[in-house]
Amino acid sequence: MEEGSRPLDTLNAARNKTVMVVLKNGHHFTGRLRAFDIHINTVLEDAEEYESGELKRKVGTVFIRGDTITIISPA
Amino acid sequence: MEEGSRPLDTLNAARNKTVMVVLKNGHHFTGRLRAFDIHINTVLEDAEEYESGELKRKVGTVFIRGDTITIISPA
Amino acid sequence: MEEGSRPLDTLNAARNKTVMVVLKNGHHFTGRLRAFDIHINTVLEDAEEYESGELKRKVGTVFIRGDTITIISPA
Amino acid sequence: MEEGSRPLDTLNAARNKTVMVVLKNGHHFTGRLRAFDIHINTVLEDAEEYESGELKRKVGTVFIRGDTITIISPA
Amino acid sequence: MEEGSRPLDTLNAARNKTVMVVLKNGHHFTGRLRAFDIHINTVLEDAEEYESGELKRKVGTVFIRGDTITIISPA
Amino acid sequence: MEEGSRPLDTLNAARNKTVMVVLKNGHHFTGRLRAFDIHINTVLEDAEEYESGELKRKVGTVFIRGDTITIISPA
Amino acid sequence: MEEGSRPLDTLNAARNKTVMVVLKNGHHFTGRLRAFDIHINTVLEDAEEYESGELKRKVGTVFIRGDTITIISPA
């Protein structure tokens, strides 16, 4: 496989940038991607939680367990 | 097993081509397959998300956690 | 265990033959079995997807994530 | 542990005999147990599928993914 | 950890004795505990299946896949 | 990490003491914590099962499969 | 990866501080983070359980099985 072809490379390129994280329960978070690991456990900073598209709360730093995540998309 | 007979070979042949990814929640994405790994974590570029067959949003680059995926089909 | 007694042997014998793959969500696919692995990730060619027994669409080549599969049956 | 005390020994003793396999979705199959592995992936021959206790279809040979199985009982 | 302090020791002490096995779907079985393994795959003999507390059927020997089990309790 | 900082240390300190175990299905058990392992498979003695906060039955010794457990709390 | 970039580093920095833990069933706990491990099994002290945003009970020390957790957020 050529360089840059692994999924985690895409997450690595998004470090310190704003991403949207959508959960299996339909909620989503936006925030600055601080950290992730191979389980896709993810930490966002300056995060906001949305439910049905409406801002639910500002949560600051948040650790999201990887198995609850559907997608992560750079803003 | 003869060459070309592994499932990931099919995904590898679809790299940089347009694929449809259907999720367990019924949503699907179309986009250019940029990367995948053995967990079927998948990255699409120029991706669009569909819900009930209707375009929901353009998401650009998107990382999709493998365990949320049902099928991947080359366009 | 005597030769031929492992479940994957049955799948191997079905390579390049038409099989039916039933998913946990009740949908099923028919197609020619091109590839599978130990996770039961499966690739069909010339595949058709059925929902409630009705043809939903022709999907050509399709990669099916193993953990979504209930049964695979040679036609 | 004394000989014969492992769960897979019970399945091994049922090889080539008729068993009932009940799935998590409530469907069940009867058929001759041809093969199984440590994941409880199972192959039945001359199998019949039942839904709500009614014969739904004869499926011949069927590979059943182990994680969909609740119980296996010799007839 | 002192001797006798592991969960599987409790199951081992119940071998050949009558136990109740409750499944995640609410059904339960009673029977003589013949075998179990580290996945909690379990074999009962002279087993009876109950649904909503009512005897549903006598199943003789039954292999129960461990991941469907909630609790096992000696009678 | 300093001593005493691992989650299983908390369970170890609760051995032979009364704990409450809440399951994913909402039921809970109280009883004396006899044993647990790294999967959080847990054995209680002199256990009582509660449903919707009401005592459902006394179950004596009970093996609880770890993956059905939400929380364990010393009384 | 630079230092401080792993998700568990964020949890480590929150040790002995008040955190909110949200479960997959929608309940959440607040308490002082005493311990966690790589499965995200987590122990809180002086914990309170909330349901639909309302205080349900004070639970003192509580062990939370990691696979039931959605997010952990420092207060």
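Parameters at a glance
- Residues numbered from 1 in each chain as written.
- Chains lettered and ligands numbered in written order.
- Predicted model: local features only at pLDDT ≥ 70, side-chain atom pairs only at ≥ 80, totals over all residues.
- Heavy atoms only, no water.
- Helix = DSSP H or I, 4+ residues; strand = E, 2+ residues; numbered from the N terminus.
- Rg over C-alpha atoms; globule rule 2.2 N^0.38 Å.
- Buried < 20%, exposed > 50% of the residue type's maximum accessible area, 1.4 Å probe, protein only.
- Contact = heavy atoms within 4.5 Å.
- Areas by Shrake-Rupley, 256 points an atom, 1.4 Å probe, with all protein chains shown as cover.
- Lys, Arg positive; Asp, Glu negative; His and termini not counted.
- Charge placed at Lys NZ, Arg CZ, Asp CG, Glu CD.
- Least-squares fit on C-alpha atoms with pLDDT ≥ 70 in both.
- 1 Å grid on protein atoms, 1.4 Å probe; cavity = no way out; pocket = protein on both sides within 12 Å on 5 of 7 lines; lining within 4 Å.
- Points joined across faces, edges and corners; volume = space filled by probe spheres on them.
- Nonpolar A, V, L, I, M, F, W, Y, C, P; charged D, E, K, R; others polar.
- Pairing = 2+ DSSP bridges.
- Salt bridge = Lys/Arg side-chain N within 4 Å of Asp/Glu carboxyl O.
- Buried area = accessible area lost by both parts, 1.4 Å probe.
- Polar contact = N/O pair within 3.5 Å; in protein donor to acceptor, adjacent residues only side chain to side chain.

> Is there a simple way to explain the overall build of chain A in this structure?
Helices and strands together make up the secondary structure of chain A, namely one helix and five strands. Moving toward the C terminus, one meets the helices and strands of chain A in the order α-β-β-β-β-β. Compactness check: chain A gives a C-alpha radius of gyration of 12 Å against a globular reference of 11 Å for 75 residues, within 12% of the reference. For chain A, the spread of C-alpha atoms along the three principal axes comes to 40 × 20 × 20 Å. When burial is assessed residue by residue, chain A has 55% of its 75 residues classed as buried. Long-range contacts, defined here as pairs at least 24 residues apart, represent 36% of the contacts in chain A between residues at least 6 apart. For chain A, the accessible area works out to roughly 3400 Å², and carbon and sulfur atoms hold 47% of it. Charged side chains in chain A number 10 positive and 11 negative. The centres of these two groups are separated by 4 Å.

> I'm lost on the environment of lysine 24 of chain B in this one. Help?
As for its placement among the helices and strands, lysine 24 of chain B is situated in the loop between strand 1 (18-23) and strand 2 (28-36). For lysine 24 of chain B, a relative accessible area of 41% translates into the label partly exposed. Residues lysine 24 of chain B and isoleucine 71 of chain B, 47 residues apart in the sequence, show an inter-C-alpha distance of 8.9 Å. Not counting chain neighbours up to four residues away, the residues in contact with lysine 24 of chain B comprise Asp67, Thr68, Ile69 and Thr70 of chain B together with Asp67 and Thr68 of chain C.

> Just checking my understanding: could you explain unusual backbone geometry for this structure?
Among all residues save glycine, negative phi is the norm, and among peptide bonds the norm is trans. In this structure, serine 52 of chain F takes a positive phi of about 50° despite not being glycine. With respect to the helices and strands, serine 52 of chain F occurs in the loop between strand 3 (42-51) and strand 4 (54-64).

> Would you take a moment to explain the side chain of glutamate 45 of chain C for this structure?
Of note, glutamate 45 of chain C is situated in strand 3 (residues 42-51). Leaving out residues up to four positions away in the same chain, glutamate 45 of chain C has contacts with Gly31, Arg32, Arg34, Gly60 and Thr61 of chain C.

> Is there a simple way to think about the relation of the copies chain D and chain E in this case?
Relating one copy of the chain to the other takes a rotation about an axis and a shift parallel to that axis. Once turned by 51° and shifted 0.0 Å along the axis, chain D lies on chain E with an RMSD of 0.0 Å. In this assembly, only 5% of the residues forming the interface of chain D have copies in chain E that are likewise at the interface, indicating a heterologous arrangement.

> Would you mind going over the layout of surface pockets with me for this structure?
Regions of empty space are outlined by a rolling probe, equal in size to a water molecule, passed over the atoms. Its volume calculated, the largest pocket comes out at about 990 Å³. Every residue lining the largest pocket is counted, 30 residues in all, and those nearest its centre are His39, Arg65 and Asp67 of chain A together with Arg65 and Asp67 of chain B. In terms of residue class, the lining of the largest pocket is built from eight nonpolar, 13 polar and nine charged.

> How should the relation of the copies chain A and chain G be read in this particular structure?
Take chain A, turn it by 51°, move it 0.0 Å along the axis, and it overlays chain G with an RMSD of 0.0 Å. When you check the interface residues of chain A against chain G, a mere 5% turn up at the interface there too, and the two sides of the contact use different surfaces.

> Where do I start with the pairing of strand 2 (residues 28-36) of chain C in this structure?
Successive side chains on a regular strand alternate, one facing one side of the sheet and the next facing the other. Residues and elements named next belong to chain C. Relative to strand 2, strand 1 (residues 18-23) runs antiparallel, the two being bridged by five bridges. The partner of threonine 18 across the bridge, within strand 2, is arginine 32. Count of turn residues in the strand 1/strand 2 antiparallel hairpin: four residues, of which glycine 26 carries a positive phi of about 90°. Turn length for the strand 2-strand 3 hairpin, with the two strands adjacent in sequence and antiparallel, is five residues, and the turn residue isoleucine 40 shows positive phi of about 70°.

> Can you walk me through the pattern of salt bridges in this structure?
A pair can form between side chains of opposite charge whenever their charged atoms are brought close. Scanning the model with the defined rule gives 70 salt bridges over all chains in all. Close ionic contact of lysine 56 of chain A with glutamate 49 of chain A constitutes a salt bridge, the shortest N to O distance being 3.9 Å. Given the relative accessible area of 41%, lysine 56 of chain A is considered partly exposed. The salt bridge partner of glutamate 49 of chain E is arginine 57 of chain E, with a shortest N-O separation of 2.8 Å. The class for glutamate 49 of chain E is buried, based on a relative accessible area of 4%. What emerges from the salt-bridge pattern is a single network uniting Arg32, Arg34, Glu45 and Asp46 of chain A.

> So what exactly am I meant to see when it comes to the interface of chain A and chain G here?
Reports of interface size often rely on the accessible area that becomes lost once the parts have come together. Across the contact, 20 residues belong to chain A and 22 residues belong to chain G. A combined buried area of about 1600 Å² lies between chain A and chain G, and 58% of that area is made up of carbon and sulfur atoms. Joining chain A to chain G, the criterion identifies one salt bridge. Counting residues per element, the side of chain A that touches chain G draws most heavily on strand 4 (residues 54-64) of chain A, at six residues. Its residues assigned to classes, the side of chain A that touches chain G comprises nine nonpolar, five polar and six charged.

> I would appreciate a short explanation of the pairing of strand 1 (residues 18-23) of chain A in the present structure.
All names here are of chain A. Burial analysis of strand 1 places five of its six residues in the buried class, the great majority of the element. As defined by bridge partners, strand 1 adjoins strand 5 (residues 69-74) across five bridges and the pair is classed as antiparallel. Across the sheet, residue leucine 23 finds its bridge partner in strand 5, namely isoleucine 69.

> Whenever I open this one, the interface of chain D and chain E confuses me. Can you help?
Counting from both sides, the interface comprises 22 residues of chain D and, opposite them, 20 residues of chain E. At the boundary of chain D with chain E, total buried surface from both sides reaches about 1600 Å², with 59% on carbon and sulfur atoms. Among the residues of chain D in contact with chain E, Pro7, Thr70 and Ile71 of chain D are the three that bury the most area, contributing 31% of the side total. Linking chain D with chain E are one salt bridge. On the surface where chain D and chain E come into contact, there are eight residue pairs in polar contact (both at pLDDT 80 or more). If you list the elements that add at least two residues to the side of chain D that touches chain E, you get helix 1 (7-13), strand 1 (18-23) and strand 5 (69-74) of chain D. Per element, the largest residue contribution to the side of chain D that touches chain E is six residues, and it comes from strand 5 of chain D. Looking at chain direction, strand 5 of chain D and strand 4 (residues 54-64) of chain E are connected through two bridges and run antiparallel.

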